[in-house]
Protein chains: 4
Amino acid sequence: MKKYIFELTIKVRDYECDLQGVVNNSNYQRYMEHTRHEFLESLGENFGAMHAKGVDAFVSRVDIQFKNSLRSGDTFISCLNVKKEGPKLIFDQDILRCPDNKLAARGRVEIVVVEDGKLTRGEYFDSILNQIKKE
Amino acid sequence: MKKYIFELTIKVRDYECDLQGVVNNSNYQRYMEHTRHEFLESLGENFGAMHAKGVDAFVSRVDIQFKNSLRSGDTFISCLNVKKEGPKLIFDQDILRCPDNKLAARGRVEIVVVEDGKLTRGEYFDSILNQIKKE
Amino acid sequence: MKKYIFELTIKVRDYECDLQGVVNNSNYQRYMEHTRHEFLESLGENFGAMHAKGVDAFVSRVDIQFKNSLRSGDTFISCLNVKKEGPKLIFDQDILRCPDNKLAARGRVEIVVVEDGKLTRGEYFDSILNQIKKE
Amino acid sequence: MKKYIFELTIKVRDYECDLQGVVNNSNYQRYMEHTRHEFLESLGENFGAMHAKGVDAFVSRVDIQFKNSLRSGDTFISCLNVKKEGPKLIFDQDILRCPDNKLAARGRVEIVVVEDGKLTRGEYFDSILNQIKKE
């Protein structure tokens, strides 16, 4: 069984389903964003507060594979792992349908950090990620 | 303290905030829809399953007052009461910010029920609502 | 035939339709917001630029009646009129399906203006609305 | 100058911008979906009508690179090319900001076709794509 450093349980909301009767693809990207931001909060940081400080994490690339559609009434676990590659944060994110843990979607999301309008080496996340290693 | 027959705790997702830094107004309507559908599930019914049976609950009117903006990081309780007025279901829905219970938004939402394309007298909900009275 | 001071033609996007196969109700509120902001641009003002100047227009109330559902493939005209009532701007907004002009939704939207965090008497819009009267 | 077989001009809607003041990443995926569906309509097919016939095009993978953020007030051209690779339709999609044609986002989107619940070899699109070659 694959291990993740962060997991969030989410229920599908019906307005997220489109006329095909399944969750619209763009919402998986939203679930993944929300999961990253909740992960950040679990480490004592908040996305809105970061923006107010002049530090913005921007997504530079998303690569999402859609495997099994989620539907009205479904609950799922949104899981992630993270590592640093050069200046980028790389998130590996899986969305697993409950209760059978079937893979609904798998994403790789690259993040860069901009401070006061300038691209950084991602130092902002070094101390945050160090917390995880210690745990 | 006002009493509600159903309450759901929800966390703001950052993508729901707009460039003003607060939750975009349209999302309160979405929170309220999700709350009604979760209320329905608590009574053993599912919105998607109803649609598959040819029974559709349609919103005929929403009236929402916005009192205090929700922001990134906020958690809130989405509460509702419901009654029948003629063929309509009338939901009174309050969104209360945590932890101070400040009123963020108050909505009155009217629902009609369409079966196989025809407007009904709302009989579909009679048995469901009878459950509540018994409790 | 009712007259409007601003009209915008919009095409339904499929991701705006939900599992009932019709445009989700919350999206009418979004169409109406977008129409107000385009109206503002037609008068030489931009919502994002206003926010950057410390002036925010906030919706204090929406009352929307849903009459005929829009569907995949539909085009519609989003129309508005506006007047001032005390410190509030009141928008009357109709959404008319093309090509038969059938009323899809009718909204009344109240707006208040906050400058540097303080509720104003709405003076900000006086000069903008004066432009319309002159035309 | 790169050539595309389909182009659609779109204006940013303010509710698509998030608290960072730029278009939220998930909306580029939505712009790209809308562009594919409008492309389909230009060829005489409609996504909702396909679903009603039991034919569903599902996204199996999206890979989007975000280059330059779109903001409130921006207009952009959403462009695409398409080819078939085995059973998949592959869309190359560029989003170019107006009026400087700066690349805002670049996507590669894979589509599979499911008929009556079964994965197909994508024959459904063969005749549609043949139209393009003839033009």
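Everything quoted here is computed from the prediction, not taken from an experiment. (Residues numbered from 1 in each chain as written. Chains lettered and ligands numbered in written order. Predicted model: local features only at pLDDT ≥ 70, side-chain atom pairs only at ≥ 80, totals over all residues. Heavy atoms only, no water.)

## Notes on the overall build of chain A
Our working definition: Here a helix means four or more residues in a row that DSSP labels H or I, a strand means two or more in a row labelled E, and each is numbered from the N terminus. A radius of gyration in this sense is built from C-alpha atoms; the matching globule rule multiplies 2.2 Å by the number of residues raised to 0.38. Categorising residues by exposure relies on relative accessible area from a 1.4 Å probe, with only protein chains included: less than 20% of the type maximum marks a residue as buried, more than 50% marks it as exposed, and the intermediate range marks it as partly exposed. Any two residues whose heavy atoms approach within 4.5 Å at even a single point are treated as in contact.
For chain A, the helix and strand inventory stands at three helices and six strands. Reading chain A from its N end, one meets helices and strands in the order β-α-α-β-β-β-β-β-α. A compact globule built from 135 residues should have a C-alpha radius of gyration of about 14 Å, and chain A, at 16 Å, falls within 12% of that. The C-alpha extent of chain A, read off along each of the three principal axes, is 45 × 30 × 25 Å. Within chain A, buried positions represent 61% of all 135 residues. Sequence-distant contacts in chain A: of pairs separated by 6 or more residues, those separated by 24 or more amount to 66%.

## Focus on the relation of the copies chain D and chain A
Heads up, the rule is: What sets the superposition is a least-squares fit of C-alpha atoms, and only residues with pLDDT of at least 70 in both copies go into it.
Expressed as a screw transformation, the operator carrying chain D onto chain A has a rotation angle of 180 degrees and an axial translation of 0.0 Å, and the superposed copies differ by an RMSD of 0.0 Å. Considering both components of the superposition, the chain copies are consistent with a two-fold axis. Among all residues of chain D, the one whose C-alpha sits closest to the rotation axis is D63(D), at a distance of 2.1 Å. Comparing interface residues between copies, 100% of those in chain D also lie at the interface in chain A; the contact surface is shared.

## Observations concerning the packing of helix α1 (residues 25–42) of chain B against helix α1 (residues 25–42) of chain C
The condition is simple: Simply put, an axis is a line fit to the C-alpha atoms, just over the touching stretch for a helix, and the angle between two N-to-C directions goes from 0 to 180 degrees. Each angle is binned into one of four classes, with values under 35 degrees roughly parallel, values over 145 roughly antiparallel, values of 65 to 115 roughly perpendicular, and all other values oblique.
Direction vectors running N to C along α1(B) and α1(C) enclose 175 degrees, while the axes themselves pass 9 Å from each other. Between α1(B) and α1(C), the crossing angle belongs to the class labelled roughly antiparallel. Contacts from N25(B), S26(B), N27(B), Q29(B) and R30(B) of α1(B) reach α1(C) at N25(C), S26(C), N27(C), Q29(C) and R30(C).

## Things to note about the interface of chain D and chain C
Cut-off, in case you're wondering: When two parts are brought into contact, each loses some accessible area as probed by a 1.4 Å sphere; the total of that loss over both is the buried area. For this scheme, ten residues count as nonpolar: Ala, Val, Leu, Ile, Met, Phe, Trp, Tyr, Cys and Pro. Four count as charged, namely Asp, Glu, Lys and Arg, and the remainder, Gly too, count as polar.
On the side of chain C, 19 residues touch chain D, which itself brings 19 residues to the contact. Summed over both sides, the interface between chain D and chain C buries roughly 1600 Å², with carbon and sulfur atoms accounting for 43% of that surface. Mapped onto the side of chain D that touches chain C, the elements with two or more residues apiece are β1 (6–11), α1 (25–42) and α2 (47–52) of chain D. Per-class residue counts for the side of chain D that touches chain C are five nonpolar, six polar and eight charged.

## Some points on the packing of aromatic side chains
The condition that has to hold: Centre distance within 6.5 Å is the pairing criterion for rings of Phe, Tyr and Trp, where only the six-membered ring of Trp is used; planes under 30 degrees apart are then read as stacked, over 60 as edge-to-face, and the remainder as tilted. When the NZ atom of lysine or the CZ atom of arginine is within 6 Å of a ring's centre and also within 35 degrees of its normal, the charge is said to sit over that ring.
Tallied over the full model, the rule gives 24 aromatic pairs over all chains. Both rings, one in Y124(C) and one in F125(C), keep their centres 5.8 Å apart while their planes meet at 85 degrees; by these two values the pair is edge-to-face. One aromatic cluster is present, formed by Y28(A), Y31(A), F66(A) and F76(A) through successive ring pairs. If you follow R36(D) out to its NZ or CZ, it ends over the ring of F91(D), 6.0 Å from the centre.

## With respect to the relation of the copies chain D and chain C
For the pair chain D and chain C, the superposition axis carries a translation of 0.0 Å, the fit reaches an RMSD of 0.0 Å, and the rotation angle comes to 180 degrees. When you check the interface residues of chain D against chain C, 100% turn up at the interface there too, and the contact is symmetric in its surfaces.

## Here we look at the interface of chain D and chain A
Going by this rule: What counts as a salt bridge is simple: a side-chain nitrogen of Lys or Arg found within 4 Å of a carboxyl oxygen of Asp or Glu. What makes two strands pair is DSSP finding at least two bridges between them.
Contacts between chain D and chain A engage 25 residues on the former and 25 residues on the latter. Buried surface at the junction of chain D and chain A, summed over both partners, amounts to about 2400 Å²; 44% is from carbon and sulfur atoms. For the interface between chain D and chain A, the tally reads two salt bridges. With a shortest N-O distance of 2.8 Å, R61(D) and D63(A) are connected by a salt bridge. Of all the elements in the fold, those that place two or more residues in the side of chain D that touches chain A are α1, α2 and β2 (55–66) of chain D. Broken down by element, the residue count for the side of chain D that touches chain A peaks at eleven residues, all from β2(D). Looking at the side of chain D that touches chain A residue by residue, the class counts come to nine nonpolar, eleven polar and five charged. Sheet analysis places strand β2 (residues 55–66) of chain A next to β2(D), joined by five bridges and oriented antiparallel. If you follow Q65(A) over to β2(D), its bridge partner there is R61(D).

## Comments concerning the pairing of strand β4 (residues 88–97) of chain C
Residues and elements named next belong to chain C. With seven of ten residues buried, β4 lies mostly within the body of the structure. When strand β3 (residues 75–85) meets β4, the two strands line up antiparallel, connected through ten bridges. Bridge pairing in β4 links L80 to Q93. Here β3 folds back onto β4, and the loop between the two strands holds two residues, one of which, G86, carries a positive phi near 60 degrees. With nine bridges connecting them, β4 and strand β5 (residues 102–115) associate as antiparallel partners. Paired with I90 across the strands is E110, a residue of β5. In textbook terms, the turn of a hairpin is the stretch between consecutive antiparallel strands, and for β4 and β5 this stretch comprises four residues, one of which, N101, has a positive phi near 60 degrees.

## Focus: the side chain of N25(B)
As for its placement among the helices and strands, N25(B) is situated in helix α1. Setting aside its immediate chain neighbours within four residues, N25(B) contacts F66(B), Q29(C) and V59(C).

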